[in-house]
Each structure stands twice: as structure tokens, then as C-alpha cells.
Amino acid sequence: MDPALEPQVTITTRGEDQVEEFRVNGKLYAVKVTPPHGVPYYLVDDLGNGTMSRRDSLDTGLRVPQWVIHSF
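Each value, and the rule that gives it
Residues numbered from 1 in each chain as written. Predicted model: local features only at pLDDT ≥ 70, side-chain atom pairs only at ≥ 80, totals over all residues. Heavy atoms only, no water. Pairing = 2+ DSSP bridges. Helix = DSSP H or I, 4+ residues; strand = E, 2+ residues; numbered from the N terminus. Axes fitted to C-alpha atoms, helices over the stretch in contact; angles between N-to-C directions. Salt bridge = Lys/Arg side-chain N within 4 Å of Asp/Glu carboxyl O. Buried < 20%, exposed > 50% of the residue type's maximum accessible area, 1.4 Å probe, protein only.

Strand order in this open sheet of five strands is β1-β2-β3-β4-β5, and the pairing throughout is antiparallel. The sheet terminates laterally at β1 (8-14) and β5 (53-55), the two strands that pair on one side only. Each adjacent strand pair in this sheet contributes to an overall mean axis angle of 20°, direction not counted.

Structure, rendered in C-alpha cells:
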């Protein structure tokens, strides 16, 4: 496995918030912000253009059935 493709995680604090930055090959693709009192939220670069969008959860809610109905 190529070590450059392994995600690098940097954990820092900004004020009272804990910030986790996720990078692959040096490119930032997600940030998790955990405030001391409250629910963590995520900033995610969906398109890879550097614009982060906020998500309260990484769960998309989409559930795709993964069972076999019929095989030939």
C-alpha cells in the first residue's frame, strides 16, 4: 500500500475547540470540530476545490440494499 495515500490526521486546539484535520497526500479534505459543550461538526471538501461545506454528521442517510434478489 502506498504510504502517501494513507490519511494523515492532525489534532490541535483552537480556543476551546478540538480540531482534527484530515489530509491525503498533503491535501486537506475534511475537518472535524469538537466544541467543549456541544455536538461535533464537520467541514468537508466535497468537490476537491478547497471550498468546505458544513455537515453536522458524515452519515448521508442513504441506505442501499445490499442483498441479492436474483442471480443468473
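The next subject is the pattern of salt bridges. Summed over the entire model, instances satisfying the criterion amount to four salt bridges. Asp-46 serves as the salt-bridge partner of Arg-55, at 2.6 Å between the closest nitrogen and oxygen. According to the relative accessible area criterion, Arg-55 is partly exposed, its value standing at 28%. Shared partners join several salt bridges into a network, and the residues in it are Arg-14, Glu-21 and Arg-23.

Once that is clear, we can look at the pairing of strand β3 (residues 27-34). As defined by bridge partners, strand β2 (residues 17-24) adjoins β3 across seven bridges and the pair is classed as antiparallel. In the strand pairing of β3, Val-24 is matched with Lys-27. Remark: two residues form the turn of the hairpin made by β2 and β3, two consecutive strands paired antiparallel; Asn-25 in that turn has positive phi of roughly 55°. Examined bridge by bridge, β3 and strand β4 (residues 41-44) share four bridges and lie antiparallel to one another.

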